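Summary of structural features
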Amino acid sequence: MAFGNYKIKADFGGERITDRNSATAFMLTLSAIYRNKPHWKLADQALRQASKSAAAESRASAAFKAAMKPKGWLEN
């Protein structure tokens, strides 16, 4: 199974997200204001289901990336 390899901008932690566990850990560092937004709730739900199959992990990766993009937190 493959999760994306995402680099978060230094201004927002500078972490590299390489698997669903690191994505979940990053999400837990976010304040409730962010985590309660619909796109983060969707990403959280997808990450909880990611271990079920390769397709579920792919959906989780896409949901996480979609949640990161609007704020411009991802490095290009």
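Let us look at the structure shown here. This is a predicted model, so every value here is computed, not measured. Along each chain, the written sequence defines residue order, and numbers are assigned to residues from 1. This being a predicted model, a pLDDT of at least 70 is required before a residue's local features are given, and a value of 80 or more before pairs of side-chain atoms are given or counted; all residues contribute to the totals for chains, interfaces and linings. Excluding hydrogens and water, the side-chain figures rest on all heavy atoms present in the structure.

1. Points about helix α3 (residues 38-49)
Along an α-helix, residues three or four positions apart point the same way, because every turn accommodates 3.6 residues. The test is simple: Helix numbering and strand numbering both begin at the N terminus, where a helix is a DSSP run of H or I of at least 4 residues and a strand a DSSP run of E of at least 2. Given a helix with a known number of residues, its expected span is that number minus one, times 1.5 Å. Exposed residues in this analysis have more than 50% of their type's maximum accessible area, buried residues have under 20%, and partly exposed residues fall in between, with area computed by a 1.4 Å probe over protein chains only. Each C-beta atom gives one direction from the helix axis, and the arc is the one those directions make. Throughout, a contact is declared for two residues whenever any of their heavy atoms are within 4.5 Å.
Over its twelve residues, α3 extends 17 Å from the first C-alpha to the last, a length consistent with the 16 Å expected when each residue adds 1.5 Å. Along α3, the residues classified as buried are Trp40, Ala43, Ala46 and Leu47. Along α3, the residues classed as buried sweep out an arc of 125° about the axis, all on the same side. Counted as exposed and oriented over 90 degrees from the buried face of α3: Pro38, Leu42 and Arg48. Structurally, α3 contributes buried residues whose contacts are with α1 (20-29), α2 (32-35) and α4 (54-68).

2. Examining the packing of α3 against α4
Any two packed helices are characterised by the angle at which their axes cross and by the distance between the axes. Which entries qualify depends on this criterion: Fitted lines through C-alpha atoms serve as axes, helices being fitted only where they are in contact, and the angles separating the N-to-C directions of these axes extend from 0 to 180 degrees. Every angle not falling under 35 degrees, over 145, or within 65 to 115 is termed oblique; those three ranges are roughly parallel, roughly antiparallel and roughly perpendicular. Should the near helix be turned counterclockwise from the far one by less than a right angle, the crossing is left-handed, whereas a clockwise turn marks it as right-handed. Lys, Arg, Asp and Glu make up the charged group, whereas Ala, Val, Leu, Ile, Met, Phe, Trp, Tyr, Cys and Pro make up the nonpolar group; the residues left over, Gly among them, are polar.
Where α3 contacts α4, the two axes come as close as 8 Å, and the packing angle between them is 160°. Classified by the angle between their axes, α3 and α4 sit roughly antiparallel to one another. In the packing of α3 onto α4, the handedness of the crossing is left-handed. Mapping the contact onto sequence places His39, Trp40, Leu42, Ala43, Ala46, Leu47 and Gln49 in α3 and Ala56, Arg59, Ala60, Ala63, Phe64, Ala67 and Met68 in α4. Tallied by class, the residues present in the contact of α3 with α4 amount to eleven nonpolar, two polar and one charged.

3. Some remarks on the nonpolar core
Using the following cut-off: Among the buried residues, those of types Ala, Val, Leu, Ile, Met, Phe, Trp, Tyr and Cys that are joined through side-chain atoms within 4.5 Å form a nonpolar core.
Phe3, Ile17, Phe26, Trp40, Leu47, Phe64 and Met68 are the most contacted members of the largest nonpolar core, which has 20 residues in total. For this core, the elements supplying multiple residues, two or more each, are α1, α3 and α4. At five residues, the largest contribution of residues to this core is made by α4.

4. Let's talk about α1
Rules: Throughout this description, a polar contact denotes any pair of N or O atoms lying within 3.5 Å of each other; where both atoms belong to protein, one of them has to be capable of donating a hydrogen while the other can accept it, and for residues adjacent in sequence the pair is counted only when both atoms sit in side chains.
By the burial criterion, the buried members of α1 are Ser22, Ala23, Phe26 and Met27. In an axial view of α1, the angular spread of the buried residues amounts to 140°, which keeps them on one side of the axis. In α1, the exposed positions angled more than 90 degrees off the buried face are occupied by Asn21 and Leu28. Where α1 is buried, its residues meet β2 (16-17), α2, α3 and α4. Between the side-chain oxygen of the N-cap and the backbone nitrogen of Asn21 there are 3.2 Å, and the N-cap of α1 in question is Asp19.

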